[in-house]
Amino acid sequence: MTLISSGVSKRPVNRYDELSSHRRSRWTPRWLQRRREADDLARWATEVMWQWNDTMDNTNLAHHTVTASRLPIMVAPQVESVDPGPPVTLLVRMLPGQVIDDFAAEAHRIAAGMDVPAVRVDSCGHGFIEVILLANEPVRAAMPVPA
């Protein structure tokens, strides 16, 4: 399921697993259970999107400017959709002039801001990237077996 998100909060990305594991009551109608689950998923996707915006604000990937009325604004790469996975995957529209290597160079800061050990950034068409939040850091080099 892919959701377009918007909203405010600051919770860890893997919080959706806890939200989806609510016990179902025999007395609650199924349509109400499905509605509550959809609302929980939408709320979680909103929180992930705001966490992404905070992360972009702390990296060199957002653009800070001032409006004509002297109000400061930040323009960040926009999250188009959130896939709860596993692994959690974000479809992001890059800002004009950005390339995938810009995000790969800041992968450690993105991972820290999203509260995960590692991220993988893949190209997903013209102007889009896929940011995969990895729960376990991948092994990068062969480890020798102890004798």
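Residues numbered from 1 in each chain as written. Predicted model: local features only at pLDDT ≥ 70, side-chain atom pairs only at ≥ 80, totals over all residues. Heavy atoms only, no water.

(A) Here's a closer look at the pairing of strand 3 (residues 78-83). Inspection of the sheet shows strand 3 paired to strand 4 (residues 88-93) by five bridges, in the antiparallel sense. In the strand pairing of strand 4, Asp83 is matched with Thr89. Remark: four residues form the turn of the hairpin made by strand 3 and strand 4, two consecutive strands paired antiparallel; Gly85 in that turn has positive phi of roughly 70 degrees. (Pairing = 2+ DSSP bridges. Helix = DSSP H or I, 4+ residues; strand = E, 2+ residues; numbered from the N terminus.)

(B) How the structure looks around the environment of Gly85. With respect to the helices, strands and loops of the structure, Gly85 is situated in the loop between strand 3 and strand 4. Classification of Gly85 by relative accessible area gives partly exposed; the value is 39%. Put simply, Gly85 and Ile132 are 47 residues apart on the chain and 9.3 Å apart in space, counted from C-alpha to C-alpha. (Buried < 20%, exposed > 50% of the residue type's maximum accessible area, 1.4 Å probe, protein only.)

(C) Just unusual backbone geometry, in detail. Residues other than glycine seldom take positive phi values, yet Arg70 does so here, at roughly 70 degrees. Position of Arg70 among the secondary structure elements: in the loop between strand 1 (63-66) and strand 2 (72-75). Overall, the relative accessible area of 68% leaves Arg70 in the exposed class. You will see that Asp115, though not glycine, has its phi angle at about 60 degrees, which is positive.

(D) Representation of the pattern of salt bridges in the model. Per the counting criterion, the structure on display carries four salt bridges. As a salt-bridge pair, Glu80 and Arg93 come within 3.2 Å of each other at their nearest N and O atoms. With a gap of 13 residues between them, Glu80 in strand 3 and Arg93 in strand 4 connect regions that are remote in the sequence. Taking the relative accessible area as the measure of exposure, Arg93 reaches 39% and is therefore partly exposed. (Salt bridge = Lys/Arg side-chain N within 4 Å of Asp/Glu carboxyl O.)

(E) Looking closely at the nonpolar core. Counting 27 residues, the largest nonpolar core has Trp52 and Phe103 as the members making the most contacts within it. Going through the elements one at a time, helix 2 (30-57), strand 3, strand 4, helix 4 (107-113), strand 5 (118-123) and strand 6 (128-134) are the ones with two or more residues in this core. It is helix 2 that provides the largest number of residues to this core, a total of seven residues. If near-sequence neighbours (up to four positions away) are discounted, Phe103 is found in contact with Trp52, Met56, Leu61, Pro77, Met94, Gln98, Ile110, Val121 and Ile129. (Core = buried A, V, L, I, M, F, W, Y, C linked by side-chain atoms within 4.5 Å. Contact = heavy atoms within 4.5 Å.)

(F) Focus on the pairing of strand 2. Sheet topology note: the strand 1/strand 2 ladder contains four bridges and is antiparallel. When the sheet's bridge partners are listed, Thr65 is paired in strand 2 with Ile73. Joining the antiparallel neighbours strand 1 and strand 2 is a turn of five residues, in which Arg70 adopts a positive phi near 70 degrees.

(G) Inspection of the side chain of Thr55 at higher detail. Tracing the backbone through its elements, the reader meets Thr55 in helix 2. Among the polar contacts made by the side chain of Thr55, one reaches the main-chain carbonyl oxygen of Gly113 at a distance of 3.3 Å. Setting aside residues no more than four positions away along its own chain, Thr55 makes contact with Arg109, Ile110, Gly113 and Met114. (Polar contact = N/O pair within 3.5 Å; in protein donor to acceptor, adjacent residues only side chain to side chain.)

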